[in-house]
Amino acid sequence: MSLYDDAVLVLKGYEDQEELRQTYLDHLASHPDGMWKSCHAGHLTASAMVIDPEQGRVLLTLHRKLRMWLQMGGHCEPGDPTLAAAALREAAEESGVAGLTLLPGGPVRLDRHAIPAPCHWHLDVQYAVLAPPGAVQEISEESLDLRWYGYDEVAGVADESVVRLLEATRARL
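This section reports on the structure supplied with the text. Note that this is a predicted model, so its numbers are computed, not measured. (Residues numbered from 1 in each chain as written. Predicted model: local features only at pLDDT ≥ 70, side-chain atom pairs only at ≥ 80, totals over all residues. Heavy atoms only, no water.)

1. Notes on the environment of Leu-83
At step 1: Mapped onto the elements of the fold, Leu-83 is located in helix α3 (residues 83-95).
At step 2: Along the backbone, Leu-83 and Leu-44 are 39 residues apart, and their C-alpha atoms lie at a distance of 9.1 Å.
At step 3: Excluding residues that lie within four positions of it along the chain, Leu-83 makes contacts with Leu-3, Asp-6, Ala-7, Val-10, Met-35, Leu-44, Ala-46, Cys-76, Val-125 and Tyr-127. (Helix = DSSP H or I, 4+ residues; strand = E, 2+ residues; numbered from the N terminus. Contact = heavy atoms within 4.5 Å.)

2. Describing the pattern of salt bridges
At step 1: Applying the stated rule across the entire model yields seven salt bridges.
At step 2: Here Asp-80 and Arg-89 are joined by a salt bridge, their closest N and O atoms 2.8 Å apart.
At step 3: The exposure class assigned to Asp-80 is buried, which follows from its relative accessible area of 6%.
At step 4: Overall, the relative accessible area of 16% leaves Arg-89 in the buried class.
At step 5: Ionic pairing is found between Arg-89 and Glu-90, a salt bridge with its closest N-O pair at 3.1 Å. Per residue, the accessibility class of Arg-89 equals that of Glu-90, and both read buried.
At step 6: Each of Glu-77, Asp-80, Arg-89, Glu-90 and Glu-93 takes part in a single network of salt bridges with overlapping partners. (Salt bridge = Lys/Arg side-chain N within 4 Å of Asp/Glu carboxyl O. Buried < 20%, exposed > 50% of the residue type's maximum accessible area, 1.4 Å probe, protein only.)

3. Regarding the nonpolar core
At step 1: Residues Leu-11, Met-35, Leu-44, Val-50, Leu-83, Val-125 and Tyr-127 are the most contacted members of the largest nonpolar core, which totals 33 residues.
At step 2: Counting only elements with at least two residues in this core, the list comes to α1 (3-13), α2 (18-30), β1 (43-52), α3, β7 (121-130) and β8 (143-150).
At step 3: Not counting the four nearest positions on each side in its chain, Val-50 is found in contact with Arg-57, Val-58, Leu-59, Met-72, Ala-91, Leu-100, Val-129, Ala-131 and Trp-148.
At step 4: Among the nonpolar cores identified, the runner-up in size contains 19 residues, and Leu-60, Trp-69, Tyr-149 and Val-163 belong to it. (Core = buried A, V, L, I, M, F, W, Y, C linked by side-chain atoms within 4.5 Å.)

4. A closer look at the packing of aromatic side chains
At step 1: Applying the stated criterion across every chain yields a total of one aromatic pair.
At step 2: For the pair Trp-69 and Tyr-149, a centre-to-centre distance of 5.3 Å together with 80° between the ring planes defines the contact as edge-to-face. Of the two residues, Trp-69 is situated in strand β3 (residues 69-70) and Tyr-149 in strand β8; the sequence distance between them amounts to 80 residues. For the pair formed by Trp-69 and Tyr-149, the shared burial category is buried.
At step 3: Its end group placed over the ring of Trp-148, Arg-57 keeps NZ or CZ at 4.0 Å from the ring centre.
At step 4: Geometry around Trp-121 places Arg-112 over its ring, the cationic atom sitting 3.6 Å from the centre. (Phe/Tyr/Trp six-rings, centres within 6.5 Å; stacked < 30°, edge-to-face > 60°. Lys NZ or Arg CZ within 6 Å of the ring centre and 35° of its normal.)

All quantities given are derived from atomic positions and should not be read as evidence of function.
Listed below in structure tokens is the structure:
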């Protein structure tokens, strides 16, 4: 199964955010290259909130280009077999945390946001990953900083999309 086929199946099985979910499916139906950064009409991305429920905290990255505190994530790559695998790969690469595991149940949220030209939209499929006990982060070249934030601190440093992802993740737990 291709990554494109996996994305369609994942989105068809996702039961929340019906209007936005349909926007993603319509985009893929109209753009066979809609999984890739080269699709300038917009493309799917995969992200993951790194969560440590034992300590009541999440790991956020200060994104190098955007200079915002965000969850880990980014573009799908040809070697990614599934959207979930892409999200897990991105979380591991950007956090440096070994032993991350996907929170069961598929995507936690969808978030569509405008990006600068030449592309126009990121259609982000958002997952959550569980950090192992004693997780140690390591800053990647894509980050200016990595920091653990308590659940109640996130709204003070991150935008609404991150806050909504945290709320949905905590509801899933």
